[in-house]
Every structure is written in C-alpha cells, then in structure tokens.
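Here are the chains, one letter per residue:
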Amino acid sequence: MRIVVLVKQVADPLLPVSDLAISPGGTKVLGPANVPPVVNGYDEQALEAALRIRDTGRGECEIIALSAGSGFAIDVLQRSLTEADDLVLIEDDSLDTPDSSLISRALAAAIGRLGAVDLVLCGRQASDWDHGQVPLSLAELLGWPCATLARQVTVDDDIVTVERVLSDRYQVMRCELPAVVTVTSELGELRYPTMQARLQARTRRPRRLSLSDLHPVGNHDGGSVLMGLSLQQETRDCTLIDGKDGAEAGRRLASVLIESGFVAGSQGAT
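Okay, so let's go over this structure.

What counts and how
- Throughout this description, residue numbers start from 1 for each chain and increase along the sequence as written.
- For this predicted model, a pLDDT threshold of at least 70 governs which residues receive local features, and a threshold of 80 or more governs which side-chain atom pairs are given and counted, while totals over whole chains, interfaces and linings are taken from all residues.
- Hydrogens and water are ignored here; the side-chain numbers use all heavy atoms of the structure.
- Within this scheme, the nonpolar core is defined by two criteria: the residues are buried Ala, Val, Leu, Ile, Met, Phe, Trp, Tyr or Cys, and they are joined through side-chain atoms within 4.5 Å.
- Each residue is assigned to one of three classes by its accessible area relative to the maximum for its type, calculated with a 1.4 Å probe on protein chains only: buried under 20%, partly exposed between the two thresholds, exposed over 50%.
- In this text, helices come from DSSP runs of H or I with a minimum length of four residues, and strands from runs of E with a minimum of two, each type numbered from the N-terminal end.
- Contacts: residue pairs with any heavy atoms within 4.5 Å of one another.
- Here, a disulfide means two cysteine sulfur atoms that sit within 2.5 Å of each other.
- The criterion for strand pairing is that DSSP finds at least two bridges linking the strands in question.
- The angle between two axes is taken between their N-to-C directions and runs from 0 to 180 degrees, where each axis is a line fitted to C-alpha atoms and a helix contributes only its stretch in contact.
- Each aromatic pair joins two rings of Phe, Tyr and Trp (for Trp, the six-membered one) with centres within 6.5 Å, and gets the label stacked for planes under 30 degrees apart, edge-to-face for over 60, and tilted for any other angle.
- We count a charge as sitting over a ring when the NZ of a lysine or the CZ of an arginine lies within 6 Å of the ring centre and within 35 degrees of the ring normal.
- When describing relative orientation, an angle under 35 degrees is termed roughly parallel and one over 145 degrees roughly antiparallel, while 65 to 115 degrees is termed roughly perpendicular and anything else oblique.

Now for the nonpolar core. Within the largest apolar cluster, 36 residues are counted, with the highest numbers of intra-cluster contacts made by Val5, Leu119, Leu121, Val153, Val160 and Val181. Sort the elements by how many residues they give to this core and helix α1 (residues 41-55) lands first, with 6 residues. Not counting chain neighbours up to four residues away, the residues in contact with Val153 comprise Ala49, Ile53, Leu121, Val160, Thr161, Val162 and Val181. Core analysis: the second largest hydrophobic core is formed by 28 residues, Leu6, Ile90, Ala106 and Leu107 among them.

Below is the structure:
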C-alpha cells in the first residue's frame, strides 16, 4: 500500500498579530525573520493517521510526504522525513499563493507522477488561509472519493473506513480505494520520533520537483487573484476604577459599565 500525506509549511499560528507584517507587494503575511515556519498542525495529524495504518502491519506500507510551495525550510520539514519513507517537494515561487486551484493541480500532477497511490491523507485545512479547499479540489481532479473531518482512519483490503466528526456525534463512512481523506484534530497529535528515526532522517534528502516537471499542470495561472492584504488594527482604552473601599469601587464600576452600554441598568439601581 502507498499512502501520500500532504504537508504544508506555514507561519507559526501562535505568533501574535503585532509580530506580523505585510510584504511590500501587499500579498503576503510575513513573520519575524528569527522565527522559523512550522508544519501545519492538521497535516501532522494526517501523518499520524498514516503511521497508525502502517502500525496495523497489514502488508507493506510506504508513506510519502508531499508538499507544494516555495522557500522550504528543510529543517522544519525534516520532521516529516523522520516518520515518512520519502519527502517530495514541488518548489516554485508561483506556489506561494492562497489560490487553491494551482496548488491542487500541482499536487494532482505530482501524485500521478508517483504512480500507484492508494490513499491521500491531508489536514482538514491549513492554519494560514483556513480555506480547506485543496483536498476537495484534489479529489475532484483525481476522480477519487473524498471523506472529510476524520478522527479515525482504518484500511481493510480495498476499503477505507472513516469516523467523521460532527457537531454532536460521529458518522462512519466507507469508500473504495483510491481515496482522499482529510483529518481533524480529534485524531490526536503526531507521535514524537525516536532518536534512531531522527538520526536516519539526517542522512536522507527530499526529492524536488518543479512545475516544469509536471506537464499536466499547464500554465501557472490560478483560479483567483489576491489583490491585497491588511492587518486588523486593534486599539484598547483602559479605565482604572478606584474607591475608598470595595463597595464604592464596585458602584463606580457598575456606573461605568452602564454608561458604556456593556450592561443594562435597572431603574432605581444604586
């Protein structure tokens, strides 16, 4: 069995907005130069889903991590190599885009080039744009079924079974392979690699592809164009409430909240 896990390099989602900036062209969010990017958290959980399938020991299982983008930080993506059997990078400046159309076509062409792929696992969405469109577009391009929001993924012969998260329950879905499955956080975090796996990963290098290697992608034009970005500006006013004792301070606080419209005052309140 061959499993492809999609991984994406993103800016650290835990960075405060005050540490972010917009690129000179107004089309990219930039983090501090001294803070490295990270692997999208949902994608790490998709990799964990692949490892659990391999742990069942039902025949040979090859796991390939696949990423499309530009300016890859190899030290960051090295985590994928510690657990996956191979890492394939599609690198092109035009792939540094929020447009899911071009990304999906590049990934579909790369998966077709790999050949004999049985299952594609990916995070439910990426923490940078939060679109969640690439897995669905990819399944459409490949002509495969797509099961979403999986908290558990199992494979038996040519059938993949997914426990799909709903708002107040879960739903069991089954479909024939090959298929695309998106994984959500309820599946659990990616296991910590062993020291042996980390040492072995240092001796391996990712395979690199360019868009020119993937002829089915066609031109580099996408389905949408980003016109510009801006960061939301936040301002805060702080009013200190004091009094000779707690009771007086409480009355003053209540008065300020009522005057500001945060709470409704009652007639005759003191």
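So much for the structure itself; the text now carries on.
What follows covers the state of the cysteines. Overall, the coordinates contain 0 disulfides when judged by the stated rule. Considering cysteine sulfurs only, Cys122 is the nearest to Cys146, which forms no disulfide, with 6.6 Å between them. Counting only cysteine sulfurs, Cys146 is the nearest neighbor of Cys175, a cysteine outside any disulfide, at a range of 8.4 Å. Accessibility expressed as a relative area gives 16% for Cys175, which makes it buried.

Turning next to the pairing of strand β11 (residues 170-176). Pairing of strand β10 (residues 159-165) with β11, which is carried by 7 bridges, proceeds in the antiparallel orientation. Paired with Val162 across the bridge in β11 is Met173. Where β10 hands over to β11, the hairpin turn is made up of 4 residues, counted between the paired strands.

Inspection of the secondary structure puts Thr82 in helix α2 (residues 74-83). Using a relative accessible area of 12% as the deciding quantity, one classes Thr82 as buried. Beyond its immediate chain neighbours, meaning those up to four positions away, Thr82 contacts Pro193, Ala197, Arg198 and Ala201.

The sheet built from 9 strands is open, its strands ordered β11-β10-β9-β12-β8-β1-β6-β7-β13 with mixed pairing. The sheet is open, and its two borders are formed by β11 and β13 (207-209), each paired with just one other strand. Direction aside, the axes of adjacent strands within the sheet are offset by 30° on average. The strands touched by α2 are β6 (62-69), β7 (86-91) and β13; relative to β7, the strand with the most contacts, the crossing angle is about 140°.

A separate point is the packing of aromatic side chains. Taken as a whole and assessed by the stated rule, the structure comprises 0 aromatic pairs. When the ring centre of Tyr170 is taken as origin, the NZ or CZ atom of Arg151, which lies over that ring, is 3.9 Å away.

Time to look at the packing of α1 against α2. Two elements in contact, α1 and α2, have axes separated by 11 Å at closest approach and are oriented at 10°. For the element pair α1 / α2, the angle class is roughly parallel. Across from Glu44, Leu47, Leu51 and Arg54 in α1, the residues of α2 making contact are Arg79, Ser80 and Glu83.

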